[in-house]
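Chains, contacts and geometry: an overview
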Amino acid sequence: MRFTISTRKFFLGVSSAALLGTTATPALADHHGKKMTTAELNKMSAMQAASADSTENSILQSWTGPYDGVPPWDEVKVSDFPEAFQKTMDKIQADVNVIRDNPEPATFENFTVPMELVGSEANNLFSIWGVYSSNLSSEEVRKIQGEWLPKVSAFFDQLTLDPKLLAKTKAVYDNRETAGLDAKQKRLVERNYEQLVRDGALLDGADKEQLIAYNTELSKAFNDFSNKVLADEETFIFLTDEADLAGLPDSFVASLKAAAEEQGKTGWALKNTRSVMQPFLQNSTRRDLREKVYNAYVNRGDNGDANDTNATIAKILKLRADRAKLLGFKTHAHYRMADTMAKEPEAAMDLMMKVWPAAVARVGEEVADMQSIADAEGAGITIAPWDYRFYAEKVRKAKYDLDSAEIKPYFQLDKMMDALFDAAGKLYGMTFTETTGSIPVFDPEVRTFEVKRGDKVIGVQFFDNYARNGKRSGAWMTTYKDSYKLGGKNKYTISSNNNNFVKGGDGEPTLISLDDAQTLFHEFGHALHYLNYDITYPGLANTPRDFVEYPSQVNENWLMTPYILSTYATHYKTGEPIPKELVDKIQASQTFNEGFATVEYLSSAIVDMMLHNRETPVTDPDAFERETLTEIGMPKEIVMRHRLPQFNHLFSSDAYSAGYYSYLWSETMDADTWAAFEEAGSPWDKDTAERFRNILLSTGNETDRKQAYRKFRGRDPEVKYILKKRGFPVPGESADAGSKGDATK
C-alpha cells in the first residue's frame, strides 16, 4: 500500500523534502511566454486521454497539459475540498478492496505491485491541499482542515490496520526467499511488512481502535498548534517615526513600507517572522526596538492568550507517550527512530554531545568579543539575546573588515537562482529553462522552470519565493508529482521550493542575506535530490529522516565557492562583480559566529530528544524547556532557534519529533562528503559528483543508506570533518591541522 507520498504531504501541510524523481520524454508546453490557463492546456492536450470519469469538482479533475499533466491551480475552488476528500477516500477503499479480496494466494505480482500503484488520486489531491494549507491558508482552509484532518487520519489508520491486508502482506513476506525476487523487490517486501508491524498491524481489535483514537486526536492537536502559531506570525509591529528606522538598510526599509501599505497603514510594518526579525536585529541601532521585536518573535505561542500552545503541546506529548507504549516502544523517541540511520536515541545524543561543548565554549569567546566592543563604545550594557546579532556584525567588521550591509547588495535573489542552476549543470548535467506563464500557478509571483538532464526532460521546478499572508513561515521543498518506473505512467517530477523572502520595495530587486542565500541553496538541494531519483518502486522512495537533510546540506557548500561568488554575486546597482577582496573576506570569515549558529540549533535538537526520550510525558513545556537548558549549560545570551511553543517541526506533525537531531547527523555526512571533493582537488570534480549522484542521490531508499554511504566513501562518515567545518577544535589534532585538499577553486 503506497500512500506515503500523499499522506505525508497532507499531514505535514507540506513535506520539507519530496519523495521521488526522474525519467522523461519531450514536454508539450508552449514555452514562448504566452500565459496559458488550465482550460487552454486541456484543449492543447489532445495527446492525453480524457478521464473516463468526468467530474465537476475542480480539484478532482484530471491533470492535463504538458508533463503528462500539471496542477490546475487557476481553477481550484476551496469549497470543493470536502467532497474531494470523501470521494478520494471512497475510490482508494474500492481499489484496495479489489486487490485485497483477490481469491488467489498473495504474490509479489498480484498483491505488492498493484498495492504500490494505488492512490494516484490521493497524490494529486494532497499536493493541491498542501499548497492551500501552507502557502495559501485562510479561515476557510483552516476550518476545512480542522474538520477533515481527523477524518482522513482515521481513514488511513483503518486502511493500514486492516487484518486482511496484513495477512496478504505477511504471506508475501513469508515467501520472499523462494519467490525469485531481486534485491530491490525483497527489500520492498520486507519494509512493507516491518512498517505495518511497527505501526500496529498486529494489535488486537480493541487496541487497534485505541491506536486510531490516539492518531485522530493527534491530528486535531497538530492542526490546533499550527493555527495558533500562524496566528501569532500574522501579527505586526508598526513603526511611524523615521527615527525608528535608524541603522536599517534602504532596501529593507522599502520592504517594510510596502508591507505597511499592504495592511492599509502608513509608516512601516514588521511582520512577526524570522525573515523580518533577523535583519532588524542585525541592523537596528535602536536597542529598545530590538528588544521589542525579539520578544514578539521568541514568544510566539507563549503569551498566555488564545494562541498559547503550551496546553496543546502537553496534550500531544501525552498522546505520543501513550501511543508508543501501546505499540510496544519504550518512548516516542524509540518509536520514531526505529527506521532511521541512528536507530536509538542514545546514538543521536552521543553525536550531539560530541559537538555541544565546543559550541558552548565558542559562544563564550564570541560574547567576550562583543562585550569588549560594547564597553569600548561606552554602551553601558551587558550583551543580551537581542544584542547578539547586532554586535556580532560589529565584531565581523572589526575582525574581518566585513559587515553584512556590505555583502547584501551583491546578493540579488534572481542572480542567486541563476547560480543554483549553473551549479547543478556543472555537477549533474542539468539545465533549467524558465517557462513562467506557460502553465498555471497558484500566485502571480510563482516562477516555473523546465528541467532537463542532458537532452531528456525530467520535470518542472516551481519557486514560490516571497512571504505573504496565509503562508507558513520558514522555507521548505515539496513535490506536486513524483516519478518512478513502475506502471510506466509517472515520467516527470514536479518539485517546488518555497521561501519567505521579503520582496524588494519601490521596484528594487530583491536582495537577500548570505544566510538567505544558504537557505536557497539548501532547499534547492532537496529538489535536486528528488529530481535525480531513478527508482522503480515508490515504496522505496522514502529515505530515513536523518538522511533527508543530507543532500540539501551538501548543496549549501557550492554557494561559497569562488566561482559562484565571482560569477553571480554582482552589485544590484552597478552590475559589477563582487570584488575579490570582499570574496576573500567572506571566505576568511566562514566559521565566524559558528558558536551562535551551532548552539541556537543544537539546543533545539537536544531539547527535542530529551523531551521525547522519556516514559513519563512532560506536562509543563515552558518549565521543561527552562530546566533542560539550565541542565545542559545553555548560554544566557542565546535562545533556542525554535522554542517549544512555536516548534512547528515537532508539533505540527510527527515529522521531526525526536528527529531534529537529523540536521546534525546529515551534516556529519555532508562535511565528510565535502572532504571527498577536497581530496579530489575541486568542488566541481566530475567523477566525485557523478558518484555522489549515482550512489546517493538517484537511488532513493533502494539500498540501506549506511551501506550506500560506505560505498561512496569506503567507510562511515568521520565526525572530525564537521568539527573542522564549524571551526571547532578536533580532539587529537593541532589547531592548524587542515584538510588534505582545497575545494575552493
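Here's what I pulled together on the structure shown here. Model, not experiment: these values are computed from the prediction.

1. Regarding a negative patch on the surface
Among the surface-exposed residues, Asp250, Glu261, Glu262, Asp506 and Glu508 lie close enough to one another that they form a single negatively charged patch. Considering the arrangement of structural elements, one finds Glu261 in helix α10 (residues 250-262).

2. Description of the pairing of strand β5 (residues 456-466)
Of all 11 residues in β5, 10 are buried; the element is thus mostly enclosed. Note that strand β4 (residues 447-453) and β5 share 7 bridges and pair antiparallel. Bridging from a neighbouring strand, Glu450 pairs with Val460 of β5. The hairpin formed by β4 and β5 contains 2 residues between the paired strands, and Gly454 there has a positive phi angle of roughly 65°. Across 7 bridges, β5 lies against strand β7 (residues 493-501) in parallel orientation. Looking at β7, one finds that Gln461 is bridged to Ser495.

3. Considering the packing of aromatic side chains
Tallied over the full model, the rule gives 45 aromatic pairs. Geometrically, the ring pair formed by Tyr173 and Tyr193 is stacked, given 4.3 Å between the ring centres and 25° between the ring planes. Within this pair, whereas Tyr173 is found in helix α7 (residues 163-174), its partner Tyr193 is found in helix α8 (residues 183-198), the two being separated by 20 residues in sequence. Judged by relative accessible area, Tyr193 falls into the buried class, the value being 11%. Relative to Phe463, the ring of Phe421 has its centre 6.0 Å away and its plane inclined at 65°; by these criteria the two rings are edge-to-face.

4. A short note on the sheet that holds strand β6 (residues 476-481)
Within a sheet, each strand pairs with its neighbour through backbone hydrogen bonds, oriented either parallel or antiparallel. What the 5 strands build is an open sheet, ordered β3-β4-β5-β7-β6; its pairing is mixed. Each having just a single partner strand, β3 (430-434) and β6 make up the two edges of the open sheet. Mean inter-strand twist for the sheet, computed between neighbouring axes without regard to direction, equals 25°. Where helix α19 (residues 514-531) meets the sheet, it contacts β3, β4, β5, β6 and β7, and its direction lies at approximately 170° from that of β7.

5. Quick notes on the packing of helix α3 (residues 81-100) against helix α5 (residues 120-134)
It is at 10 Å that the axes of α3 and α5 come closest, and there the two elements cross at 155°. Considering their axes alone, α3 and α5 lie roughly antiparallel with respect to each other. Note on packing geometry: the crossing formed by α3 with α5 is left-handed. Residues Phe81, Ala84, Phe85, Thr88, Lys91, Ile92 and Asp95 of α3 form the contact with α5, whose own contacting residues are Glu121, Ala122, Leu125, Phe126, Ile128, Trp129 and Tyr132. By residue class, the composition of the contact of α3 with α5 is 10 nonpolar, 1 polar and 3 charged.

6. Quick notes on unusual backbone geometry
Within the chain, Asp68 stands out as a residue other than glycine whose phi angle is a positive 60°. Within the secondary structure, Asp68 is located in the loop between α2 (38-44) and α3. A positive phi is found at Asn593, a non-glycine position, where the angle reads about 65°. As for its placement among the helices and strands, Asn593 is situated in the loop between α22 (580-588) and α23 (594-612).

7. Observations regarding the pairing of β7
By the criterion of burial, β7 is predominantly enclosed, with 9 of the 9 residues buried. Of the two faces of β7, the one carrying Thr493, Ser495, Asn497, Asn499 and Phe501 and the one carrying Ile494, Ser496, Asn498 and Asn500 are both buried. Bridging between β6 and β7 involves 5 bridges; their strand directions are antiparallel. Within β7, the position partnered with Thr479 by the bridge is Ser495.

8. Focus: the pattern of salt bridges
The tally for this structure, following the rule as stated, stands at 57 salt bridges. For Lys91, the salt bridge goes to Glu121, with nearest N and O atoms at 2.9 Å. Pair noted here: Lys91 is in helix α3 and Glu121 is in helix α5, with a separation of 30 residues, a long-range link. Note that Asp162 is salt-bridged to Arg100, the shortest N-O span being 2.8 Å.

Here is what the cut-offs are and how they apply
Residues numbered from 1 in each chain as written. Predicted model: local features only at pLDDT ≥ 70, side-chain atom pairs only at ≥ 80, totals over all residues. Heavy atoms only, no water. Patch = residues over 30% accessible without salt bridge, like charges linked within 9 Å, V, L, I, M, F, W, Y side chains within 5 Å. Areas by Shrake-Rupley, 256 points an atom, 1.4 Å probe, with all protein chains shown as cover. Salt bridge = Lys/Arg side-chain N within 4 Å of Asp/Glu carboxyl O. Lys, Arg positive; Asp, Glu negative; His and termini not counted. Charge placed at Lys NZ, Arg CZ, Asp CG, Glu CD. Helix = DSSP H or I, 4+ residues; strand = E, 2+ residues; numbered from the N terminus. Buried < 20%, exposed > 50% of the residue type's maximum accessible area, 1.4 Å probe, protein only. Pairing = 2+ DSSP bridges. Phe/Tyr/Trp six-rings, centres within 6.5 Å; stacked < 30°, edge-to-face > 60°. Axes fitted to C-alpha atoms, helices over the stretch in contact; angles between N-to-C directions. Contact = heavy atoms within 4.5 Å. Parallel < 35°, antiparallel > 145°, perpendicular 65-115°, else oblique. Left-handed = near helix turned anticlockwise from the far one by under 90°. Nonpolar A, V, L, I, M, F, W, Y, C, P; charged D, E, K, R; others polar.

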